[in-house]
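The lines below spell out each chain.
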Amino acid sequence: MNITGTHINYYRLCPRKLWLFANEIQMEQTSNIVADGKVIEEESYLQRSEKYTQIQLFHDYNGIPLSGKLDFFDIKNKIIHETKRSNKVEDAHIWQVKFYLWLLQLNDIEAEKGVIEYPKLRKTEEVILKSEDITYLEKAVVEIIGLIHNDRCPPVLNAKICKSCSYYDFCYAQE
Ligand code: SF4
């Protein structure tokens, strides 16, 4: 299995979400939040498809296959653009984009930064990849492999973010 930006995103959010997703227990298609996000992404795509390049990247990092699909890469200015429907800037989004910046670097493609756009907030967030971020990502992908291949699903978080998670019903069905 390739480790992708989505795995990094979920790794930052919740180990259980990461495990469920990686083990193909997927609820995203039934989530209004995700559906809403897809509309925003599609609208953005129509507006930008002529301006930016879509690229698919792969890299074998010490036997760990990494991949990432960048929908809006501005080759001229060396900027990754991401759109998120969320109504708050999330650390998980930032790490997802850091992962893409790292993947570009591993493929010897120059990138200056990432820009995450939050249409609902009318806000943008710049993302830079620092050397300590690379150290973190190197460790994270190893931990992700260990986590997703573990037979046991991590426990429910009981956190505020659960309320907006697509796995909410699945995780709290017994309560
Ligand atoms: S509902 Fe909570 S515990 Fe369950 S996967 Fe989502 S964030 Fe994790």
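The coordinates are above.
No experiment lies behind these values; they were computed from the predicted model shown.

Chemist: Explain the overall build of the chain residue by residue, including any values.
Modeler: A count of helical and extended segments in the chain gives 6 helices and 5 strands. The secondary structure elements of the chain, listed N-terminal to C-terminal, are α-α-α-β-β-β-α-β-β-α-α. Across the 175 residues of the chain, 44% fall into the buried class. Within the chain, contacts between residues at least 6 apart in sequence are counted, and of these 68% link residues at least 24 apart.

Chemist: Give me the site of the ligand: which residues, what numbers.
Modeler: Every residue close to the ligand is listed here: Cys14, Arg16, Lys17, Val156, Leu157, Ile161, Cys162, Cys165, Tyr167, Tyr168, Cys171 and Tyr172. Among the cavities detected, the one that contains the ligand is the largest cavity. For the shell around the ligand, the secondary-structure elements that each account for two or more residues are α2 (15-22) and α6 (168-172). The element best represented in the shell around the ligand is α6, accounting for 3 residues.

Chemist: Could you give an account of the environment of phenylalanine 170, with specific residues and numbers?
Modeler: Within the fold, phenylalanine 170 resides in helix α6. In this structure phenylalanine 170 comes out as partly exposed when scored by relative accessible area, which is 36%. With 145 residues separating them along the chain, phenylalanine 170 and isoleucine 25 place their C-alpha atoms 9.7 Å apart. When sequence neighbours within four positions are dropped, the list of residues in contact with phenylalanine 170 reads Arg16, Leu20, Ile25 and Met27.

Chemist: Explain the packing of aromatic side chains residue by residue, including any values.
Modeler: Counting across every chain of the model gives 8 aromatic pairs. Centroid distance tyrosine 10 to phenylalanine 21: 5.1 Å. Interplanar angle 85°. Geometry classified as edge-to-face. Of this pair, tyrosine 10 sits in helix α1 (residues 5-13) while phenylalanine 21 sits in helix α2, placing them 11 residues apart in sequence. Tyrosine 10 gets classed as buried once you look at its relative accessible area, which sits at 9%. A centroid spacing of 4.4 Å and a plane angle of 50° characterise the contact between tryptophan 95 and tyrosine 136, whose relative ring orientation is tilted. Remark: tyrosine 136 occurs in helix α5 (residues 131-148) and tryptophan 95 occurs in helix α4 (residues 91-106); sequence separation between them is 41 residues. Judged by relative accessible area, which is 11%, tryptophan 95 ranks as buried. Assessed through its relative accessible area of 25%, tyrosine 136 is described here as partly exposed. An aromatic cluster of at least three residues, connected via ring pairs, comprises Tyr61, Phe99, Tyr100 and Trp102. Across from the ring centre of tyrosine 10, 4.6 Å away, lies the NZ or CZ of lysine 17, which sits over that ring.

The rules we used
- The residue numbering used here restarts from 1 in each chain and proceeds along that chain's sequence as written.
- The model is predicted, so local features are restricted to residues of pLDDT at least 70 and side-chain atom pairs to those at 80 or more, both for listing and for counting; the totals for chains, interfaces and linings are taken over all residues.
- To get the side-chain values, all heavy atoms of the structure are used, and hydrogens and water are removed first.
- Secondary structure elements follow DSSP: runs of H or I of four or more residues count as helices, runs of E of two or more count as strands, with numbering from the N terminus.
- Note on exposure labels: buried denotes an accessible area under 20% of the residue type's maximum, exposed denotes more than 50%, and partly exposed covers the range between, all computed with a 1.4 Å probe on protein chains only.
- We call two residues in contact whenever any of their non-hydrogen atoms come within 4.5 Å of each other.
- For this purpose, a residue is taken to be near a molecule or strand whenever a single non-hydrogen atom of the residue falls within 4 Å of it.
- The way it works is a 1 Å grid over only the protein atoms, where trapped points that fit a 1.4 Å probe form a cavity and open points with protein on both sides within 12 Å along at least five of seven lines form a pocket, and then any residue with an atom within 4 Å of a point lines it.
- Cavities and pockets are treated as containing a molecule whenever more than half of the molecule's atoms lie within 2 Å of their grid points.
- Here is the rule: rings of Phe, Tyr and Trp (six-membered ring for Trp) pair when centre to centre is within 6.5 Å. Planes less than 30 degrees apart are stacked, more than 60 are edge-to-face, and the remainder are tilted.
- Criterion for a charge above a ring: Lys NZ or Arg CZ within 6 Å of the ring centre, and within 35 degrees of the ring normal.

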